[in-house]
Amino acid sequence: DTEVTQTPKHLVMGMTNKKSLKCEQHMGHRAMYWYKQKAKKPPELMFVYSYEKLSINESVPSRFSPECPNSSLLNLHLHALQPEDSALYLCASSRDRNQPQHFGDGTRLSIL
Amino acid sequence: GQNIDQPTEMTATEGAIVQINCTYQTSGFNGLFWYQQHAGEAPTFLSYNVLDGLEEKGRFSSFLSRSKGYSYLLLKELQMKDSASYLCAVLGSTLGRLYFGRGTQLTVWP
């Protein structure tokens, strides 16, 4: 069990669908992150939010759109994804950007 | 560029001690983190070093030498459940951006 909650746990979608991944933490952390992880590879950073503002975008394609509605929530909006986007999507949070990051259980995404 | 090196695989027996090394070259340094990741699961935070020396946390310890760009994770009294991938990650000059090594797959045999 982690204190970072991600929903859904699994998602299968077609290339024309629009869906959203959700992440929630109630630890009072002010930094939140999205990562993508492929099998047998380390996590790859996608986005960093600090105090609800986007601070890092790792040149992620525009078909991925992050949103931070408040300090506890982080969303990742998905649209027109490609089969190569199939992966485990991890959300993490930390007290601040120089502190240890704590990961949620992830959403396993499959694109048909 | 950023470079984080750790061995790909290690094996050990139950009850033994294993040391997983990590060397790094990064632009700037704001901390080194170790994570454990079981297959199909999310990474779990294990330890964090920002100053030189040893940090101990139960069966797990982590050491850092900033001058040598070197860290190790020491696991004592190994158990079967310790079989997992261990990820070394460095926080460089850009806060929030962790540079991960490729992970060390540890297999613990009975």
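In what follows, the structure referred to is the one given above.
Criteria and thresholds
- Residues numbered from 1 in each chain as written.
- Chains lettered and ligands numbered in written order.
- Predicted model: local features only at pLDDT ≥ 70, side-chain atom pairs only at ≥ 80, totals over all residues.
- Heavy atoms only, no water.
- Helix = DSSP H or I, 4+ residues; strand = E, 2+ residues; numbered from the N terminus.
- Rg over C-alpha atoms; globule rule 2.2 N^0.38 Å.
- Buried < 20%, exposed > 50% of the residue type's maximum accessible area, 1.4 Å probe, protein only.
- Contact = heavy atoms within 4.5 Å.
- Areas by Shrake-Rupley, 256 points an atom, 1.4 Å probe, with all protein chains shown as cover.
- Lys, Arg positive; Asp, Glu negative; His and termini not counted.
- Charge placed at Lys NZ, Arg CZ, Asp CG, Glu CD.
- Pairing = 2+ DSSP bridges.
- Axes fitted to C-alpha atoms, helices over the stretch in contact; angles between N-to-C directions.
- Phe/Tyr/Trp six-rings, centres within 6.5 Å; stacked < 30°, edge-to-face > 60°.
- Core = buried A, V, L, I, M, F, W, Y, C linked by side-chain atoms within 4.5 Å.
- Buried area = accessible area lost by both parts, 1.4 Å probe.
- Salt bridge = Lys/Arg side-chain N within 4 Å of Asp/Glu carboxyl O.
- Polar contact = N/O pair within 3.5 Å; in protein donor to acceptor, adjacent residues only side chain to side chain.

A. Highlighting the overall build of chain B. For chain B, the helix and strand inventory stands at zero helices and eleven strands. For 110 residues, the compact-globule estimate of 2.2 N^0.38 gives 13 Å, and chain B sits close to it at 13 Å. Taking the principal axes of the C-alpha coordinates as reference, chain B spans close to 40 × 30 × 20 Å. Split into buried and exposed, the 110 residues of chain B put 48% on the buried side. For chain B, the share of sequence-separated contacts (at least 6 apart) that also reach a separation of at least 24 residues comes to 54%. Accessible area for chain B stands at about 5300 Å²; split by element, carbon and sulfur atoms hold 49% of it. Positive and negative side-chain charges of chain B, numbering 8 and 9 respectively, have mean locations separated by a distance of 6 Å.

B. Highlighting the sheet that holds strand β7 (residues 60-65) of chain B. All names here are of chain B. The five strands are arranged β1-β3-β8-β7-β6 in an open sheet whose pairing can be described as antiparallel. Two strands lie at the open edges of the sheet, namely β1 (3-5) and β6 (53-57), each paired on one side alone. Across the sheet, the axes of successive neighbouring strands diverge by a mean angle of 15°, strand direction being ignored. Looking at chain direction, strand β3 (residues 18-25) and strand β8 (residues 70-75) are connected through six bridges and run antiparallel. Considered in β8, the bridge of N21 is made with Y72.

C. Up close: the packing of aromatic side chains. One pass over the full model with this rule turns up twelve aromatic pairs over all chains. Both rings, one in B:F63 and one in B:Y72, keep their centres 5.1 Å apart while their planes meet at 15°; by these two values the pair is stacked. Overall, B:F63 belongs to the partly exposed group, its relative accessible area being 23%. For B:Y72, a relative accessible area of 17% puts it in the buried group. Members of the aromatic cluster, connected to one another through ring pairs, are A:Y33, A:Y35, A:F103, B:Y35, B:F45 and B:F100.

D. Here's a closer look at the sheet that holds strand β7 (residues 64-70) of chain A. All names here are of chain A. With antiparallel pairing, the four strands of this open sheet are ordered in space as β1-β3-β8-β7. The strands lining the two open edges of the sheet, one partner per strand, are β1 (4-7) and β7. Each strand of the sheet is rotated relative to its neighbour by a mean of 20°, with strand direction disregarded. Relative to strand β8 (residues 73-79), strand β3 (residues 18-25) is paired through seven bridges, and the arrangement is antiparallel. Bridging from a neighbouring strand, K22 pairs with N75 of β8.

E. Looking closely at the nonpolar core. All names here are of chain A. Counting residues in hydrophobic clusters, the biggest one holds 22 residues, and the most contacted among them are W34, F64, L76 and L78. Among the secondary structure elements, those contributing two or more residues to this core are β2 (10-13), β3, β4 (31-37), β5 (44-50), β7, β8, β9 (87-94) and β11 (107-111). Residues in contact with F64, not counting those within four places in the same chain, are M46, F47, L76, H77, L78, L81, D85 and Y89.

F. Here's a closer look at the interface of chain B and chain A. The interface of chain B with chain A comprises 20 residues on the first partner and 22 residues on the second. Summing the contributions of chain B and of chain A, the shared interface buries around 1600 Å²; its carbon and sulfur component is 61%. Taken together, the connections running from chain B to chain A amount to one salt bridge. For B:R97, the salt bridge identified is with A:E58, shortest N-O distance 2.6 Å. Where chain B touches chain A, the interface holds six residue pairs in polar contact (both at pLDDT 80 or more). Every element with two or more residues in the side of chain B that touches chain A is listed here: β4 (32-37), β5 (44-49), β9 (84-91) and β10 (98-100) of chain B. Top element by residues in the side of chain B that touches chain A is β4(B). It accounts for three residues.

So, to be careful, I would describe these as geometric facts and stop short of saying anything about function.
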